[in-house]
Amino acid sequence: PRSTPSNSSAASDVYKRQTIDRQVLRNNFREIKRLLPPSVSVGAVVKSQAYGHGMVECARVFAQEGARFLVVSLIDEGITLRESGLEEPVLLMGGIWPQEAQDCIRYGLTPVISGLQPLKALSRAATELNQEARVHIKVDTGMGRLGVPMEEWREFLNEALSYPGVVLEGLMSHFSVADSPENSDVAYTMQQMEVFKAIVEEVRKKLPHLKWIHLANSAATLQLPQTHWNLVRPGLGLYGGLRIPQINLQEAMEVSSRILHIKRVPGGRFLSYGRAFRTNRETLVAVVPVGYALGYLRSLSNRGEMLVRGERAPVIGRVCMDLTLLDVTHIPQVELGDPVILMGGKGKQRITVFEVAQWVDTITYEVFCILGGSHPGQREYVN
């Protein structure tokens with residue numbers, strides 16, 4: 001029978017605990033802010049549960065630090081922020097469905113518009129509610145996802161300005177490879193910037209009092225000051241998922257668990273599914289109650305590492321749905337219930353998000369979202 005380790009404070013602590021350091025979030029915001037002139041505001045991206053860090057709490061931190069916008073993707077996220085007491089402008093990067101227009105206005109949310117149908121719905125809703133609908137128009141300068149095609153933006157803008165009750169507050173676009181150092185990608189980023197710049201100059205002739213113009217994500221915010229205009233949209237940098245020389249960004253998230261079971265296994269034994277690992281000596285195996293159902297990906301099998309008593313313990317065998325095996329033979333005095341750090345730690349004794357991303361051949365965004373946001377277990381905030 002499974003028992004709760006005596007040194008665990010609560011049952012939810014046994015499986016997966018996520019610890020978010022508010023002071024690190026503050027530090028990252030301030031590091032980004034210090035690079036900006038006073039004329040440039042920050043729109044803090046907190047979509048998708050703040051990349052797994054918890055949307056509402058992160059939004060509160062960034063609002064306290066002076067974020068001019070809180071940036072989300074979906075209207076449900078915006079409503080959650082409003083119902084949690086946050087009053088800062090909320091930008092809906094994913095836009096809205098037409099049927100969400102009235103709620104968008106009622107909750108004072110600002111959608112990004114890429115097509116006419118949501119715009120028409122907002123105009124109708126604004127008329128019915130006797131309120132204004134504030135919107136930002138997105139132009140596709142090369143991302144190829146949301147946004148008005150750059151060949152059509154003039155016609156779109158003229159029609160957008162004809163809808164009663166709709167206030168065009170901002171103009172924006174989005175980079176696709178601003179974080180890449182490859183020469184061809186740098187050239188593409190510069191091309192996107194120049195296309196957007198030309199559009200901005202033309203729009204300003206028609207709308208000289210346009211309030212917000214924004215293009216820069218984290219990478220552009222930190223490395224391309226010519227892309228700042230008067231609003232930037234850092235996301236990954238706020239959580240420490242970027243490495244930029246001379247900028248002190250830190251990871252705010254730690255993910256941990258505890259040892260559920262320990263046993264000695266003779267040499268020559270297969271471990272876990274698929275017989276993907278075989279012991280070559282007597283091995284002390286620790287079982288951790290976290291697997292891919294809790295975001296510890298199967299692709300970490302025989303590749304990942306965790307920290308036990310400050311030492312790195314390799315993952316051995318296939319990561320299972322709810323369990324992962326570690327080789328702790330080299331770690332003295334390992335006991336049932338010992339804390340295990342899946343990602344995080346202090347100083348040199350640390351498993352970084354960059355390492356985890358490298359082990360599974362992905363990006364830090366995905367690691368934060370999956371390991372932090374997928375069934376976060378007990379999420380706590382410190383500092």
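Residues numbered from 1 in each chain as written. Predicted model: local features only at pLDDT ≥ 70, side-chain atom pairs only at ≥ 80, totals over all residues. Heavy atoms only, no water.

**Q** Explanation requested: the pattern of salt bridges in the structure shown.
**A** Any two side chains of opposite charge can pair if their charged atoms end up close together. Counted according to the given criterion, the structure contains 15 salt bridges. Here Asp103 ties to Arg106 by a salt bridge, and the two come within 3.5 Å at their closest N and O atoms. Here Asp103 pairs with Arg106, and both are found in helix α6 (residues 101–106), just three residues apart, close to one helical turn. As a salt-bridge pair, Glu355 and Arg312 come within 2.9 Å of each other at their nearest N and O atoms. Of this pair, Glu355 sits in helix α11 (residues 353–359) while Arg312 sits in strand β17 (residues 311–314), placing them 43 residues apart in sequence. (Salt bridge = Lys/Arg side-chain N within 4 Å of Asp/Glu carboxyl O. Helix = DSSP H or I, 4+ residues; strand = E, 2+ residues; numbered from the N terminus.)

**Q** Can you walk me through the pairing of strand β1 (residues 17–21) in this structure?
**A** Moving residue by residue along a regular strand, the side chains alternate between the two faces of the sheet. Taking burial as the measure, the five residues of β1 include five buried ones, the bulk of the element. Burial along β1 is two-sided: Arg17, Thr19 and Asp21 facing one way and Gln18 and Ile20 facing the other are all buried. Relative to strand β11 (residues 253–258), β1 runs antiparallel, the two being bridged by four bridges. Bridge assignment links Thr19 to a residue of β11, and that residue is Glu254. (Buried < 20%, exposed > 50% of the residue type's maximum accessible area, 1.4 Å probe, protein only. Pairing = 2+ DSSP bridges.)

**Q** Even after reading the chapter, I still don't get the side chain of Glu355, so can you show me in this structure?
**A** A distance of 3.0 Å separates a polar side-chain atom of Glu355 from the backbone nitrogen of Thr352. The contact partners of Glu355, leaving out residues within four places of it in the chain, are Arg312 and Arg350. (Polar contact = N/O pair within 3.5 Å; in protein donor to acceptor, adjacent residues only side chain to side chain. Contact = heavy atoms within 4.5 Å.)

**Q** How do you make sense of helix α8 (residues 153–160) when you look at a structure like this?
**A** Because an α-helix packs 3.6 residues into every turn, residues spaced three or four apart end up facing the same way. Turning to α8, its buried residues are Trp153, Phe156, Leu157 and Ala160. The buried residues of α8 occupy an angular sector of 100° when projected down its axis, which confines them to one face. In this structure, the buried residues of α8 make contact with β5 (109–113), α7 (116–129), β6 (133–140), β7 (148–149), β8 (166–172) and α9 (183–206). (Arc of directions from axis to C-beta.)

**Q** Sorry, what's going on with the environment of Lys47 here?
**A** Looking at the element boundaries, Lys47 is found in helix α3 (residues 47–52). Among the residues examined, Lys47 registers a relative accessible area of 30% and is labelled partly exposed. Every residue in contact with Lys47, bar those within four places of it in the chain, is listed here: Val71, Val72, Ser73 and Glu77.

**Q** What am I meant to see in empty space enclosed by the protein here?
**A** Here the idea is plain: a probe the size of a water molecule rolls over the atoms and shows the empty space left. All chains considered together, the criterion is met by three cavities of 30 Å³ or more. Of the volumes computed, that of the largest cavity is approximately 60 Å³. Residue contributions to the lining of the largest cavity peak at four residues, all from helix α12 (residues 364–373). A breakdown of the residues in the lining of the largest cavity according to their chemical character gives eight nonpolar, two polar and one charged. What the second largest cavity holds in volume is close to 40 Å³. Around the second largest cavity, the lining residues are Ile137, Val139, Trp153, Phe156, Leu157, Leu171, Ile199 and Val203. Elements with a minimum of two residues in the lining of the second largest cavity: β6, α8 and α9. Looking at which element gives the most residues to the lining of the second largest cavity, the answer is α8, with three residues. Taken together, the residues that form the lining of the second largest cavity break down as eight nonpolar, no polar and no charged. (1 Å grid on protein atoms, 1.4 Å probe; cavity = no way out; pocket = protein on both sides within 12 Å on 5 of 7 lines; lining within 4 Å. Points joined across faces, edges and corners; volume = space filled by probe spheres on them. Nonpolar A, V, L, I, M, F, W, Y, C, P; charged D, E, K, R; others polar.)

**Q** Mind showing me how you'd approach the nonpolar core here?
**A** A general tendency of soluble globular proteins is for nonpolar side chains to be buried together. Counting residues in hydrophobic clusters, the biggest one holds 120 residues, and the most contacted among them are Val46, Phe62, Leu81, Tyr239 and Leu326. Beyond its immediate stretch of four places on either side in the chain, Val46 contacts Met55, Ala59, Phe62, Leu70, Val71, Val72, Leu81 and Tyr239. Residues Val265, Leu271, Val287 and Ile316 belong to the second largest nonpolar core, which totals six residues. (Core = buried A, V, L, I, M, F, W, Y, C linked by side-chain atoms within 4.5 Å.)

**Q** Looking at this structure, how should I read the packing of α7 against α8?
**A** The angle between the axes and the distance between the axes are what describe a pair of packed helices. For the pair α7 and α8, the least separation of the axes is 11 Å and the interaxial angle reads 10°. In terms of orientation, α7 lies roughly parallel with respect to α8. Only Phe156, Glu159 and Ala160 of α8 make contact with α7, whose side of the interface consists of Leu116, Leu119 and Lys120. (Axes fitted to C-alpha atoms, helices over the stretch in contact; angles between N-to-C directions. Parallel < 35°, antiparallel > 145°, perpendicular 65-115°, else oblique.)

**Q** Please clarify how unusual backbone geometry should be interpreted in this entry.
**A** Apart from glycine, the bulk of residues carry a negative phi angle, and the bulk of peptide bonds sit in the trans form. In this structure, Tyr51 takes a positive phi of about 55° despite not being glycine. Mapping Tyr51 onto the fold places it in helix α3. Phi is positive for Arg309, close to 50°, though the residue is something other than glycine. Here Arg309 is to be found in the loop between β16 (305–308) and β17.

**Q** For this particular structure, what's the right way to read the packing of helix α4 (residues 55–64) against helix α5 (residues 75–83)?
**A** Running from amino to carboxyl end, α4 crosses α5 at an angle of 65°, the nearest separation of the two axes being 10 Å. Crossing of α4 over α5 shows right-handed handedness. Note on element contacts: α5 touches α4 through Glu77, Thr80 and Leu81, opposite Met55, Val56 and Ala59. (Left-handed = near helix turned anticlockwise from the far one by under 90°.)

**Q** Quick question: what am I supposed to make of the layout of surface pockets here?
**A** Estimates place the volume of the largest pocket at around 580 Å³. Taken together, 30 residues form the lining of the largest pocket, with Lys47, Tyr51, Arg145, His174 and Tyr365 sitting closest to its centre. Per element, the largest residue contribution to the lining of the largest pocket is three residues, and it comes from α3. For the lining of the largest pocket, the class distribution of residues is 17 nonpolar, eight polar and five charged. Approximately 260 Å³ is the volume found for the second largest pocket. The wall of the second largest pocket is formed by 13 residues, among which Asp21, Glu254, Gly345, Lys346 and Arg350 lie closest to the centre.

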